[in-house]
Amino acid sequence: MHRVSASREGVNGPTRTIVLNRTQGEDASAELRASEVRFTRFFNSTPMAIAGVDASGRILRTNAPFLQLFSSVVDRDAVDRRVRFETIVHERDRPAFAAAFEKARQRQANIEPIDSVLPGNEERHIRFYVNAVADSAGGEGAEESAIVYAVETTEQKALEGQMAQSQKMQAVGQLAGGIAHDFNNVLTAIIMASDLLLTNHRPSDPSFPDIMNIKQNANRAASLVRQLLAFSRKQTLRPEVLNLTDVLADLRMLLARLVGNDIKLKIDHGRDLWPVKVDIGQFEQVVVNLAVNARDAMPSGGDLTVRTRNVTTEECKSFAYRELTPADYVLVDVEDTGSGIAPDVLKKIFEPFFTTKEVGKGTGLGLSMVYGIIKQTGGFIFCDSEIGKGTVFRIFLPRHIAEVKKQAEPGAAGR
Ligand SMILES: Nc1ncnc2c1ncn2[C@@H]1O[C@H](COP(=O)(O)OP(=O)(O)OP(=O)(O)O)[C@@H](O)[C@H]1O
Ligand SMILES: [Mg+2]
């Protein structure tokens with residue numbers, strides 16, 4: 001018998017092999033031993049967590065990966081005490097397991113896999129396969145009624161979610177972009193016609209204010225449409241190579257006026273900031289929008305901090321953002337000490353027309369526009385927030401590396 005001892009966390013410890021001489025012949029015993037060693041190796045060196053369960057739902061034995069995966073809810077001692085399998089599954093799914101074990105008892109094949117989560121940590125997803133033990137011919141395996149295989153699917157779940165989210169944003173973007181484009185043409189015609197009317201009417205004319213009103217409203221509609229176009233990444237950007245230190249320094253006055261006196265504005269410039277290639281007007285729009293949101297989140301004052309710094313390719317890993325592809329970036333943080341955003345709201349903030357503000361206060365296009373501009377620039381935007389503490393928006397803009405004109409370097413000459 002070959003047994004891999006595992007610590008409480010399921011980390012493999014020293015292995016121990018005991019030879020049990022159960023057969024008469026010497027040769028048979030050696031063969032048996034070899035086969036047991038082979039089996040144990042299979043059993044413990046698999047990414048699958050495996051547990052044998054008896055007819056009353058108690059765990060009989062597990063492999064090392066099982067203890068590792070469920071280290072927060074079960075340990076070797078518990079297995080030795082034969083805890084019930086249901087104690088290690090999430091309450092929500094206990095009936096499903098009971099049903100699956102019942103099916104296993106009846107030796108049913110093809111029992112549906114069960115998708116569940118770790119009891120103490122709903123962020124970790126696990127898929128369980130319950131299999132009936134078909135041959136209870138006797139021996140050690142006789143009491144086993146079912147074998148449960150489990151694999152962690154957290155990564156897939158996250159990818160699925162990410163995929164669905166990006167598809168949604170793309171679909172909405174396409175729709176919004178299509179409408180905005182046509183709408184823009186209509187508005188241009190209205191504005192042109194009202195301009196024409198305005199030139200043909202004196203200001204003293206009774207219809208003059210009405211025409212003026214038409215034009216002003218058409219202009220407001222046009223600015224909404226522009227935000228939609230920005231979200232759908234369909235606007236023409238005029239990117240130039242810039243140093244954000246200068247851009248933000250120039251923007252300071254405007255931001256300070258925007259947030260008012262109750263909010264303390266701090267701009268924290270990173271050293272030797274790499275250049276980026278962005279449309280300056282659009283970048284300013286991004287910062288202004290984030291600042292306005294921050295102001296709205298701090299009705300009784302607070303701190304608004306804009307911080308820049310370089311982030312190297314290696315450093316990208318230290319951020320828990322899956323989508324962030326490792327590269328050199330200039331990071332712009334816009335941080336407030338406001339109300340914060342609840343997790344279920346956080347998922348939707350970049351969607352067009354999503355707003356928690358009263359009717360007439362917000363259109364829900366601010367962050368959509370921000371998102372579109374950053375994406376179109378080849379960057380990333382993430383938001384971390386904690387209710388009651390505040391919010392930070394992180395913008396990663398790709399470092400611009402000037403194309404070096406191929407010139408013979410002095411040292412390379414004469415080769
Ligand atoms: N800094 C922040 N703190 C708290 N909540 C925020 C913050 N920024 C955005 N939000 C939330 O995200 C929602 C969407 O923001 P977004 O800028 O897209 O729209 P809006 O500000 O409501 O309207 P608009 O910007 O079009 O006037 C807001 O309604 C608010 O609930
Ligand atoms: Mg806004």
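Above this note sits the structure.
Model, not experiment: these values are computed from the prediction.

The alternating pattern of strand 9 (residues 263-268) places I263, L265 and I267 on a buried face, while none of K264, K266 and D268, on the opposite face, is buried. In the sheet, strand 9 pairs with strand 11 (residues 302-311) via 6 bridges, with the strands oriented parallel. Bridge pairing in strand 11 places K264 opposite D303.

Glancing now at the site of ligand 1. Lining the immediate surroundings of ligand 1 are 20 residues, of which D336, T355, T356, K357 and T363 lie closest. A distance of 2.5 Å separates an oxygen atom of ligand 1 from a polar atom in the side chain of T355. Between an oxygen atom of ligand 1 and a side-chain N or O atom of T356, the distance comes to 2.4 Å. Calculation on ligand 1 without its partners gives an accessible area of 590 Å², and the protein chains cover 90% of this total. Counting residues per element, the ones that place at least two in the shell around ligand 1 are helix 8 (280-297), helix 10 (366-376) and strand 14 (390-398). Among the elements that make up the shell around ligand 1, the one with the highest residue count is helix 8 (3 residues).

Going through the model one piece at a time under the given rule, you end up with 20 aromatic pairs. With centroids separated by 6.1 Å and ring planes inclined at 85°, the aromatic side chains of Y329 and F380 adopt a geometry described as edge-to-face. Placement of the pair is Y329 in strand 12 (residues 329-336) and F380 in strand 13 (residues 380-386), with a sequence separation of 51 residues. Judged on exposure class, the residue Y329 and its partner F380 are both buried. Here F380 and F382 contribute two aromatic rings whose centre-to-centre distance is 6.2 Å and whose plane-to-plane angle is 5°, an arrangement assigned as stacked. Of the two residues examined, F380 and F382, each falls in the buried class. Feature note: the residues F66, F70, F85, F97, F101 and F128 constitute an aromatic cluster, connected by ring pairs.

Enumeration according to the criterion identifies 20 salt bridges in this entry. Among the salt bridges present, the one from R307 reaches D333, with a minimum N-O distance of 3.2 Å. With R307 in strand 11 and D333 in strand 12, this residue pair connects regions lying 26 residues apart in the sequence. A relative accessible area of 5% means that D333 is categorised as buried. R394 serves as the salt-bridge partner of D333, at 3.1 Å between the closest nitrogen and oxygen. Here D333, found in strand 12, pairs with R394, found in strand 14; they are 61 residues apart in sequence, far enough to count as distant.

The next point concerns the packing of helix 7 (residues 244-259) against helix 8. Where helix 7 meets helix 8, the closest approach of the two axes is 10 Å, and the angle between their N-to-C directions is 40°. As summarised for this structure, helix 7 and helix 8 are arranged oblique, according to the angle between their axes. The chirality of how helix 7 crosses helix 8 is right-handed. Contacts between helix 7 and helix 8 involve L244, V247, L248, L251, L254, L255, L258 and V259 from the first element and I280, F283, E284, V287, V288, A291, V292 and R295 from the second. Taken together, the residues of the contact of helix 7 with helix 8 break down into 14 nonpolar, no polar and 2 charged.

This brings us to the packing of helix 8 against helix 10. Two numbers describe how helix 8 lies on helix 10: the axes approach to 9 Å, and their chain directions differ by 145°. Read as a crossing pair, helix 8 and helix 10 show a hand that is left-handed. Where helix 8 abuts helix 10, its residues Q282, Q285, V286, N289, L290 and N293 lie against G366, L367, M369, V370, I373 and I374.

Moving on, we get to the sheet that holds strand 4 (residues 59-62). With antiparallel pairing, the 5 strands of this open sheet are ordered in space as 4-3-7-6-5. Two strands in the sheet have a free side with no partner beyond their single neighbour: strand 4 and strand 5 (114-118). For this sheet, the mean inter-axis angle between neighbouring strands, taken without regard to orientation, is 30°. Pairing of strand 5 with strand 6 (residues 121-132), which is carried by 5 bridges, proceeds in the antiparallel orientation.

Turning our eyes to something else, we now look at the pairing of strand 12. Extensive coverage of strand 12 is indicated by the burial of 7 of its 8 residues. Taken together, the 8 bridges between strand 11 and strand 12 define a ladder with antiparallel strand orientation. Note on strand 12: the bridge partner recorded for V306 is V334. Relative to strand 14, strand 12 runs antiparallel, the two being bridged by 8 bridges. Residue pairing in the sheet places V330 in a bridge with L397 of strand 14.

What counts and how
Residues numbered from 1 in each chain as written. Chains lettered and ligands numbered in written order. Predicted model: local features only at pLDDT ≥ 70, side-chain atom pairs only at ≥ 80, totals over all residues. Heavy atoms only, no water. Buried < 20%, exposed > 50% of the residue type's maximum accessible area, 1.4 Å probe, protein only. Helix = DSSP H or I, 4+ residues; strand = E, 2+ residues; numbered from the N terminus. Pairing = 2+ DSSP bridges. Near = heavy atom within 4 Å. Polar contact = N/O pair within 3.5 Å; in protein donor to acceptor, adjacent residues only side chain to side chain. Areas by Shrake-Rupley, 256 points an atom, 1.4 Å probe, with all protein chains shown as cover. Phe/Tyr/Trp six-rings, centres within 6.5 Å; stacked < 30°, edge-to-face > 60°. Salt bridge = Lys/Arg side-chain N within 4 Å of Asp/Glu carboxyl O. Axes fitted to C-alpha atoms, helices over the stretch in contact; angles between N-to-C directions. Parallel < 35°, antiparallel > 145°, perpendicular 65-115°, else oblique. Left-handed = near helix turned anticlockwise from the far one by under 90°. Contact = heavy atoms within 4.5 Å. Nonpolar A, V, L, I, M, F, W, Y, C, P; charged D, E, K, R; others polar.

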